[in-house]
Amino acid sequence: MAPRTGTAAEGGGAVTDDRRPRRRGQGELEALVLSALREADGPATAGWVQEHLGGDLAYTTVITILTRLLEKGAVSRERAGRSFAWTPADQAGLAARKMRKVLDAENDREAVLASFVTGLDPDDERLLRELLRQARDAGDG
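Calculation rules
Residues numbered from 1 in each chain as written. Predicted model: local features only at pLDDT ≥ 70, side-chain atom pairs only at ≥ 80, totals over all residues. Heavy atoms only, no water. Salt bridge = Lys/Arg side-chain N within 4 Å of Asp/Glu carboxyl O. Helix = DSSP H or I, 4+ residues; strand = E, 2+ residues; numbered from the N terminus. Buried < 20%, exposed > 50% of the residue type's maximum accessible area, 1.4 Å probe, protein only. Expected span 1.5 Å × (residues − 1). Polar contact = N/O pair within 3.5 Å; in protein donor to acceptor, adjacent residues only side chain to side chain. Pairing = 2+ DSSP bridges. Contact = heavy atoms within 4.5 Å. Axes fitted to C-alpha atoms, helices over the stretch in contact; angles between N-to-C directions. Core = buried A, V, L, I, M, F, W, Y, C linked by side-chain atoms within 4.5 Å. Parallel < 35°, antiparallel > 145°, perpendicular 65-115°, else oblique.

Student: Help me understand the pattern of salt bridges in this model?
Tutor: It is possible for side chains bearing opposite charge to pair when their charged atoms get close. Under the criterion given, the structure shown has six salt bridges. Glutamate 125 is the salt-bridge partner of arginine 129, the closest N and O atoms lying 2.8 Å from each other. Taken together, the residues arginine 129 and glutamate 125, both in helix H6 (residues 122-140) and four residues apart, mark about one turn of the helix. Since its relative accessible area comes to 26%, glutamate 125 is described here as partly exposed. Between arginine 133 and aspartate 137 there is a salt bridge whose closest N-O contact spans 2.5 Å. Taken as a pair, arginine 133 and aspartate 137 lie in helix H6 at a separation of four residues, close to a single helical turn. For arginine 133, a relative accessible area of 33% translates into the label partly exposed.

As structure tokens, then:
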């Protein structure tokens, strides 16, 4: 897909009130890059990601976004010649890291966990109890 250019009246990309193209936020770019990596058949280079996104992002921008995602634990990388091949982290592991990060940032862990557990629907509460039982049983063996 070719990048869209021009004003909204010309059928181009999104524009702000002062008629300049709208800047995408960091979170939006990270989501685009992660989405591209998930569509790859395996580890992908930054060049592949750039091309897959239509080439409207600079290569250096893609590298910056991938590096930020690496720091957040959202992707991993492995050496591929002179550059790197990037792989998205699994969704469940990423969500769990985010939850731990939020929990670790709070002073009253008990209150946070109690609030979380009491807000679960009955099916999720049963699942959590089962997972805790399995973890306890695995630790006893």
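The structure having been displayed, the exposition proceeds.
Student: Can you walk me through H6 in this structure?
Tutor: Each turn of an α-helix holds 3.6 residues, which means side chains three or four residues apart point in the same direction. For H6, which comprises 19 residues, the first-to-last C-alpha distance of 27 Å matches the rise-based estimate of 27 Å (1.5 Å per residue) to within 8%. A small share of H6 lies buried, amounting to zero of its 19 residues. For H6, the N-terminal cap is aspartate 121; the gap from its side-chain oxygen to the backbone nitrogen of aspartate 123 is 3.1 Å.

Student: What am I meant to see in the sheet that holds strand E2 (residues 75-80) here?
Tutor: Note: strands within a sheet are paired through backbone hydrogen bonds, in either parallel or antiparallel orientation. Read across the open sheet, the three strands follow the order E1-E3-E2; overall the sheet is antiparallel. Each edge of the open sheet carries a strand with a single partner, namely strand E1 (44-45) and E2. Inspection of the sheet shows E1 paired to strand E3 (residues 83-88) by two bridges, in the antiparallel sense. Following the sheet pairing, alanine 44 is matched in E3 by tryptophan 86. Running over the sheet, helix H3 (residues 59-71) touches E2 and E3 and is turned about 120° from E2.

Student: Can you walk me through the nonpolar core in this structure?
Tutor: Judged by nonpolar contacts, the single largest core of 18 residues is most densely connected at Leu37, Val49, Leu66 and Leu69. Of all the elements in the fold, those that place two or more residues in this core are helix H1 (26-39), helix H2 (46-52) and H3. For this core, the element with the most residues is H1, which contributes five residues. Leaving out residues up to four positions away in the same chain, leucine 66 has contacts with Val33, Leu37, Ala46, Val75 and Trp86.

Student: Help me out: how do you make sense of the packing of helix H4 (residues 91-104) against helix H5 (residues 109-118) in this one?
Tutor: The geometry of a pair of packed helices is captured by two quantities: the angle between their axes and the separation between those axes. One can describe the packing of H4 onto H5 by two numbers: an axis separation of 9 Å at closest approach and a directional angle of 135°. The angle between H4 and H5 places the two elements in the oblique class. Touching Met99, Leu103 and Asp104 of H4 are Arg109, Val112, Leu113 and Phe116, all from H5.

Student: When you look at the pairing of E2 in this model, what are you seeing that I'm missing?
Tutor: In the case of a regular strand, side chains alternate between the two sheet surfaces. Summarising the sheet, E2 and E3 pair through six bridges and their orientation is antiparallel. In the strand pairing of E3, alanine 80 is matched with serine 83. In textbook terms, the turn of a hairpin is the stretch between consecutive antiparallel strands, and for E2 and E3 this stretch comprises two residues, one of which, glycine 81, has a positive phi near 70°.

So, to be careful, I would describe these as geometric facts and stop short of saying anything about function.
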